[in-house]
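In case you want the letters, here they are:
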Amino acid sequence: MTTKLITRNSLKKLMRDLLTVFEIVAPVQGEAVSAFQRISAYEEIGWPDSNTARSPKEFFLPPADGLFRFQQTGRETLLSEPANHHGPRIILGVRPCDAAALAIMDRVFSEKGIDVHYTALRDNTLVIGQPCWKPGKDCFCTSVGINPTASLNMDIMLTDLRDERFLVDIVSPKGEDFFSYFSHFFQEPEDLPRALSAQTREMVFYLGEDKMFDLRVIKKWLDNNFENPLWTKTAARCIGCGACSFLCPTCHCFDFTDESTYQDNSFQGLRKRVWDSCSFSHFTQTPTHQPRPTQDRRFRQRIMHKFKYSFDRYQQLACVGCGRCRSLCPVGIDLVEVLVSISRQSHQF
Amino acid sequence: MAIEDIIVETPDVKTFRLIFQERKIRRHFSFKAGQFGKYSVFGEGESTFYLASSPTWEGYLECSVRRASKVAEAFHKLGVGDRIGFRGPYGNGFPLPELTGKNLILIGSGIGIVPLRSLIWNCLDFRESFGKITILYGAERVADLVYKRELREWESRRDINLIRTVDPGGEEPGWDGRVGFVPMIMREIDLLPEKSWVITCGPPVMIKFVIEGLISLGFSPERIITTLEMKIRCGLGKCGRCNIGKHYVCQDGPVFTYAQIGEFPNEF
């Protein structure tokens, strides 16, 4: 890993140049929530204190993504690529939790069969992340083993030194390639220790007792408690809206849908991949069979998948502690509360 | 693929004979009994159906579709010459090497006969490689029995023991098969666990009672094979729908032994 410095002015100039070549996506503060959006000027970047309300997932697994077009004239069927734009892209300001989520999605979409649509978007994107120095009110990344200041899974990490300069960690080969092309914008980090110590003094990342749980204890408990009153108790007020899945940076379940019209003597349309959620009753409903007929079973599936099944299959959790599901659940179901209670309950045995 | 022929099997099941338009694919396409395909009627969507024909039949595929979903409904409206989309084959299929040299007991009901039919014809093409073949097949009513023509053919063969049954009240004048639910009829015929493997496909409730019966008759869970009914979308282990425990039915299944299923979370 190489470390450089860049001044805010140089970064602005660099961005101006980059915007002529790349599509740039960055956090933007909207009227209600902060989210990643395509920007057209450096000034639009939001730089929120902690993670955005919406994760950057939608730029790799779009909520509705055209897979292929079809056109049927008489009995002839023509299939063609949709007009997706897969040009070079930079996604800026990704937090360590969301970068970890990308690594989780990478395994799902590349192991045991490559998903070309996801990998195309992933391969064309340079991930420039930033560390977190203070946890947001719903964050719990350190409880699931994520270091909020690490550059893991990013291509480059920018750290705001708050003296009009950014520390630049060049992490991946992709980041190196990028740097070698634009190296004239960067400086050597001569007074690095002083700059960093100013930062680290500020770093207070203690989450507090109420966010502490033991992952090993939870895994063991899940292994043995497929049936437990906790599921019904916790899911009693779940309305199955799926907000938690849609906001989650690792939830990747999807469905297909066809959109079609009849025009110019032919029947034409687009097959789309759309987000889905295990919280929805139709998710597993077949004409004759419904393995998860009640909301508590669907809730159990969600927790089991994140903290047990994903671990059993890929040796990784499917939770990065971003806290979005707890901050925006409309009925206040709190994942951390569930995990803490499992963890404490088990310790009593 | 193009539809070459349509056979009306029951009031709500049709079998479609399908041909790949590209000659190269037609020649090189291969699959195993118990695998499934994803079939598209463009504009309506995509659905999962077992490959109903035997892997040994060359030049075409068959799929039997029960009119039970939007896509199936659209399928039923198609005619000879119409085109559909196909991707596959997916899934693990039946473990033919393990079945070789054994007595086979195939138990199915309703549309559950579809994957069994592929396996049966596959085994009949290598008849000498298997021991006794017993088929127990039932449906709600006589009219609901799928593959009636083939049932007659299997019944007339000396190297197959076929038992047909319909649920009580489903019989009609002239019915010469049995009357009773599959799991009950199963107890009336002498099934011997020695050197036997059971393959059972059908609605989950039937499978549940069949397996309970088999265990009490002394069959080992390692030698009871079934196909899991789970909604399948992508077929690639990505869309999450058919997830059960650490498994994806579309990749690790749909064929599992009862011993494997015993390790799964109890969602059935």
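About the cut-offs
- Residues numbered from 1 in each chain as written.
- Chains lettered and ligands numbered in written order.
- Predicted model: local features only at pLDDT ≥ 70, side-chain atom pairs only at ≥ 80, totals over all residues.
- Heavy atoms only, no water.
- Helix = DSSP H or I, 4+ residues; strand = E, 2+ residues; numbered from the N terminus.
- Rg over C-alpha atoms; globule rule 2.2 N^0.38 Å.
- Buried < 20%, exposed > 50% of the residue type's maximum accessible area, 1.4 Å probe, protein only.
- Contact = heavy atoms within 4.5 Å.
- Areas by Shrake-Rupley, 256 points an atom, 1.4 Å probe, with all protein chains shown as cover.
- Lys, Arg positive; Asp, Glu negative; His and termini not counted.
- Charge placed at Lys NZ, Arg CZ, Asp CG, Glu CD.
- Pairing = 2+ DSSP bridges.
- Axes fitted to C-alpha atoms, helices over the stretch in contact; angles between N-to-C directions.
- Parallel < 35°, antiparallel > 145°, perpendicular 65-115°, else oblique.
- Nonpolar A, V, L, I, M, F, W, Y, C, P; charged D, E, K, R; others polar.
- pLDDT = per-residue confidence, 0-100.

**What about the overall build of chain A?**
Inference 1: Counting its regular elements, chain A contains 11 helices and 11 strands.
Inference 2: Taking 2.2 N^0.38 as the reference for a compact globule, 349 residues should give roughly 20 Å; the C-alpha atoms of chain A span a radius of gyration of 22 Å, in line with that estimate.
Inference 3: For chain A, the residues scored as buried account for 57% of the 349 residues in total.
Inference 4: When contacts within chain A are restricted to residue pairs at least 6 apart in sequence, long-range pairs at least 24 apart make up 71% of them.
Inference 5: Taken as a whole, chain A presents about 16,200 Å² of accessible surface, with 53% of it coming from carbon and sulfur.
Inference 6: Within chain A, the 41 negative side-chain charges are centred at a point lying 5 Å from the centre of the 42 positive side-chain charges.

**Observations concerning unusual backbone geometry**
Inference 1: The residue after B:Gly88, namely B:Pro89, is reached through a cis peptide bond having omega 0°.
Inference 2: Looking at the secondary structure, you find B:Pro89 in strand β6 (residues 85-90).
Inference 3: Residue B:Pro254 is bonded to the preceding B:Gly253 through a cis peptide linkage, with omega at 5°.
Inference 4: As for its placement among the helices and strands, B:Pro254 is situated in the loop between α8 (249-252) and β15 (255-257).
Inference 5: Even without being a glycine, A:Trp47 presents a positive backbone phi close to 40°.
Inference 6: Within the secondary structure, A:Trp47 is located in the loop between β3 (34-39) and β4 (64-73).
Inference 7: Residue classification places A:Trp47 among the partly exposed residues on the basis of a relative accessible area of 24%.
Inference 8: With a phi angle near 70°, A:Asn153 is a residue other than glycine that sits in the positive phi range.
Inference 9: Its place among the elements puts A:Asn153 in the loop between β7 (125-129) and β8 (156-160).
Inference 10: The class for A:Asn153 is partly exposed, based on a relative accessible area of 32%.

**Overview of the pairing of strand β3 (residues 36-41) of chain B**
Regular strands have side chains that alternate between both faces of the sheet.
Residues and elements named next belong to chain B.
Inference 1: Burial analysis of β3 places 6 of its 6 residues in the buried class, the great majority of the element.
Inference 2: Residues of β3 alternate between two faces, with Phe 36, Lys 38 and Ser 40 on one and Gly 37, Tyr 39 and Val 41 on the opposite face, all of them buried.
Inference 3: Alignment of β3 against strand β4 (residues 45-50), held across 6 bridges, turns out to be antiparallel. Looking across to β4, one finds that Val 41 is bridged to Gly 45.
Inference 4: Here β3 folds back onto β4, and the loop between the two strands holds 3 residues, one of which, Gly 43, carries a positive phi near 100°.
Inference 5: Across 4 bridges, the pairing between β3 and β6 is antiparallel. Bridge assignment links Phe 36 to a residue of β6, and that residue is Tyr 90.

**Quick look at the packing of helix α6 (residues 215-224) of chain A against helix α9 (residues 295-314) of chain A**
Residues and elements named next belong to chain A.
Inference 1: At their nearest, the axes of α6 and α9 sit 10 Å apart, and the two run at 95° to each other. If you check the angle between α6 and α9, you find them roughly perpendicular. Residues Leu 215, Ile 218, Lys 219, Leu 222 and Asp 223 of α6 lie in contact with α9, whose contacting residues are Ile 303, Met 304, Phe 307, Lys 308, Phe 311 and Asp 312.
Inference 2: Here the contact of α6 with α9 is built from residues that sort into 7 nonpolar, no polar and 4 charged.

**Focus: the confidence of the model for chain B**
Inference 1: Averaged over all residues, the pLDDT of chain B equals 94, while 100% of them reach at least 70.
Inference 2: Overall fold confidence for the complex sits at a pTM of 0.90, while the interface term, ipTM, reaches 0.87.

**Notes on the sheet that holds strand β5 (residues 76-80) of chain A**
All names here are of chain A.
Inference 1: A sheet is described by the order of its strands in space; here 4 strands give the open sequence β5-β4-β11-β10, paired in antiparallel fashion. In this open sheet, the two edge strands, each paired with only one partner strand, are β5 and β10 (254-263). Along the sheet, successive strands turn relative to each other by an average axial angle of 20°, direction set aside.
Inference 2: With 10 bridges joining them, β10 and strand β11 (residues 266-275) adopt antiparallel strand pairing. Residue pairing across strands places Ser 260 opposite Gly 269, the latter belonging to β11.

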